[in-house]
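# Examining the three-dimensional arrangement
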Amino acid sequence: MDYKRNILITGGAGFIGSHVVRLFVKKYPDYRIVNLDKLTYAGNLANLQDVEHAPNYVFERADICDYPRMQAILRQYAIDGIIHLAAESHVDRSIKDPFTFAKTNVLGTLTLLQAAKEAWEGAFEGKLFYHISTDEVYGALQFDGTLFTEETKYAPHSPYSASKASSDHFVRAFHDTYGMPTLVTNCSNNYGPYQFPEKLIPLFINNIRHNKPLPVYGKGENVRDWLYVEDHARAIDLIFHRGRVADTYNIGGFNEWRNIDLIKVLIKTVDRLLGRPEGASDHLITYVTDRQGHDLRYAIDSRKLQRELGWEPSLQFEEGIERTVRWYLDNQPWLDQVTSGAYQQYYEKMYGNR
Ligand code: NAD
Ligand code: TYD
């Protein structure tokens, strides 16, 4: 079959990537969707079971740092659009192992850019390299009501955000230097189904269920701006099709929560859904040593995206959290699978048994 578009989605077996792949495979049967993923500890094909047999879906296990593979895949599938999500994504891991982050996030992105430039050279018309980034590149805000806008200066603090900032600069450099059609979006913290249980929300839901301590960093006063993952995927779809080339859009839900307040909502919701008495799990809250260089507050101003493309979050936070908690409680086998066996040994060696 001749497809209308041939789109490469990198990191499609991860948390956000799996939602983007699912959305595109189902919504655009006339597009071929090639999911390219190395399947690191964070990549899991079980996230995509409902689309794996779709005729317009292909999976390629590959490392974005492998230049010949990137060249071959771009050529083989005549790729005309790239949505690049593959990355190392966990701040705590970046503090322990910054090299892996530089390698995947910086060199991997550069490798993919260079391969796309070579594949598309002289025929940039109708092509797009869309890079998915984070609000963490803007650094940290104080408790003063300010928001990150598209004009906020980059000031990353963690090795993770430094590596993402660097990759964003390379993407823009490929536009400014070679004229490659690129786009960058910077999104706030995502939550929802299929998130690896090292991140706050799935980790804590799982721990509450199993009566394990909830390690709250510092005083729990840090603020994050939470967006339901399907709303991010919808924004990516909209921007991929209608975003202005070479532009940047911030994506966020105007939904700031202090960690400790969010944790109390999680405890209440899990306890209620498990039929436990209110307050039964409050004692699990355990204040632990703060994360090194812990960014105080993130908050995104996404009015440009709202104004220019009409996007807004579809879910209220209460509904999103309820759905998310239900999903993790109903999908214990998924949680067990991703935290078991060889992976578990690796995880415990790196992080201890929490
Ligand atoms: P994730 O860690 O769940 O998934 C990352 C995926 O990339 C995994 O499937 C992994 O196997 C794959 N991958 C890693 N290294 C690779 C390599 N060298 N080659 C090919 N594939 C590789 O991450 P996520 O939370 O879904 O984040 C996806 C993207 O969105 C990242 O670029 C991240 O920086 C960005 N982002 C995430 C959030 C968030 O809250 N999670 C917010 C804003 C932006
Ligand atoms: P996380 O989900 O790792 O996302 P990010 O660091 O990219 O924002 O963490 C969200 C917030 O929760 C962050 O302020 C760190 C805090 N946190 C804890 O207090 N305890 C934990 O065990 C984890 C994983 C995070």
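As shown above, the structure is provided for reference.
Per-chain numbering applies: the sequence of each chain, read as written, is numbered from 1 onward. Just so you know, chain letters begin at A and ligand numbers begin at 1, following the order they were written in. Note on the predicted model: pLDDT of at least 70 is required for a residue's local features to be given, and 80 or more for side-chain atom pairs to be given and counted; whole-chain, interface and lining totals, by contrast, use all residues. Hydrogen atoms and water are omitted, and side-chain values are computed over all heavy atoms in the structure.

### Things to note about the sheet that holds strand β6 (residues 182-187)
In a beta sheet, neighbouring strands are held together by backbone hydrogen bonds and run either parallel or antiparallel to one another. In plain terms, the rule: Any two strands with at least two DSSP-identified bridges between them are counted as paired. Secondary structure is summarised from DSSP: a helix means a run of H or I of at least four residues, a strand means a run of E of at least two, and numbering begins at the N terminus for each. Axis definition: a line fit to C-alpha positions, over the contact stretch in the case of helices; interaxial angles, taken between N-to-C directions, run 0 to 180 degrees.
An order of β3-β2-β1-β4-β5-β6-β10 is seen for the seven strands of this open sheet, with the pairing classed as parallel. Either end of the sheet is taken by a strand with one partner, and the two such strands are β3 (57-61) and β10 (248-251). For this sheet the average axis-to-axis angle between neighbouring strands, irrespective of direction, equals 20 degrees. In this structure, β6 lies alongside β10, joined through four bridges in parallel fashion. Looking across to β10, one finds that C187 is bridged to I251.

### Here we look at the site of ligand 1
To be explicit about the condition: It suffices for a single heavy atom of a residue to lie within 4 Å of a molecule or strand for the residue to be listed as near it. Identification of polar contacts relies on pairs of N or O atoms within 3.5 Å, with a donor-acceptor requirement for protein atoms, meaning one able to donate a hydrogen and the other able to accept it, and with residues adjacent in sequence counted only if both atoms are side-chain atoms. Here the accessible surface of atoms and residues is derived via Shrake-Rupley with a 1.4 Å probe, and residues count as covered only by protein chains that are part of the display. For this scheme, ten residues count as nonpolar: Ala, Val, Leu, Ile, Met, Phe, Trp, Tyr, Cys and Pro. Four count as charged, namely Asp, Glu, Lys and Arg, and the remainder, Gly too, count as polar.
Taken together, 28 residues surround ligand 1, and among them I16, D37, S89, Y160 and K164 come closest. In this structure, N190 approaches ligand 1 through a main-chain N or O atom, which is 2.8 Å from an oxygen atom. Protein chains bury 97% of the 830 Å² of accessible surface belonging to ligand 1 in isolation. Taken together, the elements giving at least two residues each to the shell around ligand 1 come down to α1 (15-27), β5 (128-134), α5 (159-178) and β7 (189-191). At three residues, the largest contribution of residues to the shell around ligand 1 is made by β5. Taken together, the residues of the shell around ligand 1 sort by class into 13 nonpolar, eleven polar and four charged.

### With respect to the environment of L200
Quick note on the threshold: Residue contacts are defined here by distance: any two heavy atoms, one from each residue, within 4.5 Å place the two residues in contact.
As for its position among the elements, L200 is in helix α6 (residues 200-209). As for L200 and L238, which are separated by 38 residues in sequence, their C-alpha atoms are 28 Å apart. Residue contacts for L200: discarding those within four places in its chain leaves W226, N259, L262 and I263.

### Looking at the nonpolar core
Under the convention used in this document: Nonpolar cores were defined as sets of buried Ala, Val, Leu, Ile, Met, Phe, Trp, Tyr and Cys residues, with membership established by side-chain atoms within 4.5 Å. Categorising residues by exposure relies on relative accessible area from a 1.4 Å probe, with only protein chains included: less than 20% of the type maximum marks a residue as buried, more than 50% marks it as exposed, and the intermediate range marks it as partly exposed.
Among the nonpolar cores identified, the biggest contains 34 residues, and I9, F24, I83, Y130, I239 and I251 are the most heavily contacted of them. Counting only elements with at least two residues in this core, the list comes to β1 (5-10), α1, β2 (31-37), β5, β6, α7 (229-242), β10 and α9 (303-309). By residue number, the principal contributor to this core is α7, which donates seven residues. Ranked by size, the runner-up nonpolar core spans 33 residues in total, among them I208, W257, L266 and V325.

### Description of the environment of T149
Within the secondary structure layout, T149 lies in the loop between β5 and α5. Each C-alpha atom, one on T149 and one on T248, is 9.9 Å from the other, the two residues being 99 residues apart in sequence. Those residues within four positions of T149 in sequence are excluded, and the remaining contacts are Y138, N250 and D301.

### Describing the pairing of β2
With six of seven residues buried, β2 lies mostly within the body of the structure. The sheet contact formed by β2 and β3 spans five bridges and is parallel. Of the residues in β3, the one forming a bridge with I33 is Y57.

### What to know about the pattern of salt bridges
Just so we agree on the cut-off: For salt bridges, the criterion is a side-chain nitrogen of Lys or Arg within 4 Å of an Asp or Glu carboxyl oxygen.
Under the counting rule described, the total for this entry stands at 23 salt bridges. Between E60 and R69 there is a salt bridge, with its nearest N and O atoms 3.1 Å apart. Close ionic contact of E308 with R244 constitutes a salt bridge, the shortest N to O distance being 2.7 Å. Taken together, the residues E308 in helix α9 and R244 in the loop between α7 and β10 connect sequence positions 64 residues apart. Taking relative accessible area as the criterion, E308 reaches 31% and is therefore assigned partly exposed. In this structure R244 comes out as partly exposed when scored by relative accessible area, which is 45%. Overlapping salt bridges bring together R244, D247, K304 and E308 as one network.

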